[in-house]
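So you can see what is in the structure, the chains are spelled out below.
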Amino acid sequence: MRKIVTIAGARPQFIKAAMVSRALQDHYPRITEVFVHTGQHSDFLMSGIFFDQLGLKEPSHHLSISGGSNSAQVARMMAALEPVVRTENPDAILVYGDTNSTLAGALIASQLTIPLIHVEAGMRSFNRRMPEEINRVITDQLSTLLFAPTNTAVRNLVREGMGNDGPVKQNIIRTGDIMYDAALHFGASASRPDSLPSGINAASGYILCTVHRPVNADDPERLRSIVAALHALCENTGLSVVFPVHPRTRLQLSATQDENSTHIRFCEPFGYTDMLWLEQHASLIITDSGGVQKEAYFFRKPCVILRNETEWTELTDSGAAVLSGSDDNELLSACEKMLTLNKSDWPQLFGDGNTAHLIASSIDQLLA
């Protein structure tokens, strides 16, 4: 028997982990997976509900670490992870994406000289002001097995000196996107959320908006500008906006009284399958989330990205998404343009929906 420790703590990581865990359980029973939840997302709507909906078994270890600065959070995670990893003594550590949980897991793997596996390797925004960018770069440098979702991600890793020809032997595998697997699997059975505000339905059309990144959610002026553009968009199009509010975003919305609107339907965060239904039936998706950007593409929905750069450059290169930043005039113009987008010629960018099995097979070969 072989053992891996999976370290995750944020909503998108649970989605990715659910697909890989299922593939390991179904096809590689000789591999034991120990799931460690750092607690980075501790709110039930951001964490617990995902375990219920995705069929993930309860974590073997829950560290309950959330809040604080990035550096303090990573330090606390590392202090809690080290005794867990030493006790479990795994053959490899598996991490996902670019969160503080990812970085903490990578550093522990390096310090304890345990092979590190990184799903979603090679993603780059080239904006070092983003904590996530630092997390990605360091994790990739420390990884033994790099699962890159796109050709662009592979090129980024090779350009930075990684791969079998680099100074340290690392295996880069182009896998496709694990989120596409999840969207296909769970999207097929997604149904209209019971908690959806009245008057919102697929027939009449609506716009879906999510905001959670600190650059937007923690800045009252940027958030006010985004909401102003949404109001104008509703007036110009007659469409309503469904706006599930992330906990950190709610603090600023409450402070500016922007939650009082008849056009913008502010609501609690939705579970994963509920979000998939909303994405499938939206006329337009506006977001600063990397995962939601891709899900918009999976369901062939035009997307406006509330940032000045994106790691998923294939989306903007193909014309399926556009960067707007937070300026209300630029955002409004981008939204109105994307509502008229022709979606008939979008290429297949993210694999064939078989990513989880490819990852599981490669992990089995590594451990063998």
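In what follows, the structure referred to is the one given above.
Because the structure is predicted, anything quoted here is derived from the model rather than measured.

**Student:** Quick question: what am I supposed to make of helix H5 (residues 131-142) here?
**Tutor:** Residues spaced three or four apart along an α-helix face the same direction, because each turn holds 3.6 residues. In a regular helix each residue adds 1.5 Å, so 12 residues correspond to 16 Å; H5 covers 17 Å between its end C-alpha atoms and thus fits that length. Within the sequence span of H5, burial applies to Glu132, Glu133, Asn135, Arg136, Val137, Thr139 and Asp140. Taken together, the buried residues of H5 touch strand S4 (92-96), helix H4 (100-111), strand S5 (116-119), strand S6 (145-148) and helix H6 (151-159).

**Student:** What's the story with empty space enclosed by the protein in this structure? I'm lost.
**Tutor:** Rolled over the atoms, a probe as big as a water molecule pinpoints where empty space is left. Per the stated rule, a full pass over the model turns up 1 cavity of 30 Å³ or more. Size it by volume and the largest cavity reaches roughly 40 Å³. Val119, Glu120, Phe147, Ala148, Pro149, Thr175, Gly176, Asp177, Ile178, Thr355 and Ile359 are the residues that line the largest cavity. For the lining of the largest cavity, the secondary structure elements donating two or more residues are S6 and helix H15 (355-367). Of the residues in the lining of the largest cavity, the class split is 6 nonpolar, 3 polar and 2 charged.

**Student:** Is there a simple way to explain the pairing of strand S11 (residues 284-287) in this structure?
**Tutor:** Two faces make up the sheet, and in a regular strand the side chains alternate between them. Across the two faces of S11 the burial is the same, with Leu284 and Ile286 and Ile285 and Thr287 all buried. Two strands pair when backbone bridges link them, and strand S8 (residues 206-210) and S11 are joined in this way by 4 bridges, in the parallel orientation. Paired with Leu208 across the strands is Ile285, a residue of S11. Bridge analysis of S11 against strand S12 (residues 303-305) gives 3 bridges, and the strand direction is parallel. Opposite Ile285, over in S12, you have Cys303 as the bridge partner. Between the parallel pair S11 and S12, the chain is carried across by helix H12 (residues 290-298), and the sense of this crossover is right-handed.

**Student:** Any chance you could explain the sheet that holds S11 here in plain terms?
**Tutor:** As a general point, the strands of a sheet are linked pairwise by backbone hydrogen bonds and lie either parallel or antiparallel. What the 6 strands build is an open sheet, ordered S10-S9-S8-S11-S12-S13; its pairing is parallel. Two strands in the sheet have a free side with no partner beyond their single neighbour: strand S10 (264-267) and strand S13 (321-323). With strand direction ignored, the average angle separating the axes of adjacent strands in the sheet is 20°. Pairing of S12 with S13, which is carried by 3 bridges, proceeds in the parallel orientation. Counterpart to Ile305 in the pairing with S13 is Leu323. Seen against the sheet, helix H11 (residues 272-281) touches S8, strand S9 (240-244) and S11 and runs at an angle of roughly 135° to S8. Relative to S11, H12 is tilted by about 165°, and along the sheet it contacts S8, S11 and S12.

What counts as what
- Residues numbered from 1 in each chain as written.
- Predicted model: local features only at pLDDT ≥ 70, side-chain atom pairs only at ≥ 80, totals over all residues.
- Heavy atoms only, no water.
- Helix = DSSP H or I, 4+ residues; strand = E, 2+ residues; numbered from the N terminus.
- Expected span 1.5 Å × (residues − 1).
- Buried < 20%, exposed > 50% of the residue type's maximum accessible area, 1.4 Å probe, protein only.
- Contact = heavy atoms within 4.5 Å.
- 1 Å grid on protein atoms, 1.4 Å probe; cavity = no way out; pocket = protein on both sides within 12 Å on 5 of 7 lines; lining within 4 Å.
- Points joined across faces, edges and corners; volume = space filled by probe spheres on them.
- Nonpolar A, V, L, I, M, F, W, Y, C, P; charged D, E, K, R; others polar.
- Pairing = 2+ DSSP bridges.
- Right-handed = clockwise from strand over helix to strand, strands pointing away.
- Axes fitted to C-alpha atoms, helices over the stretch in contact; angles between N-to-C directions.

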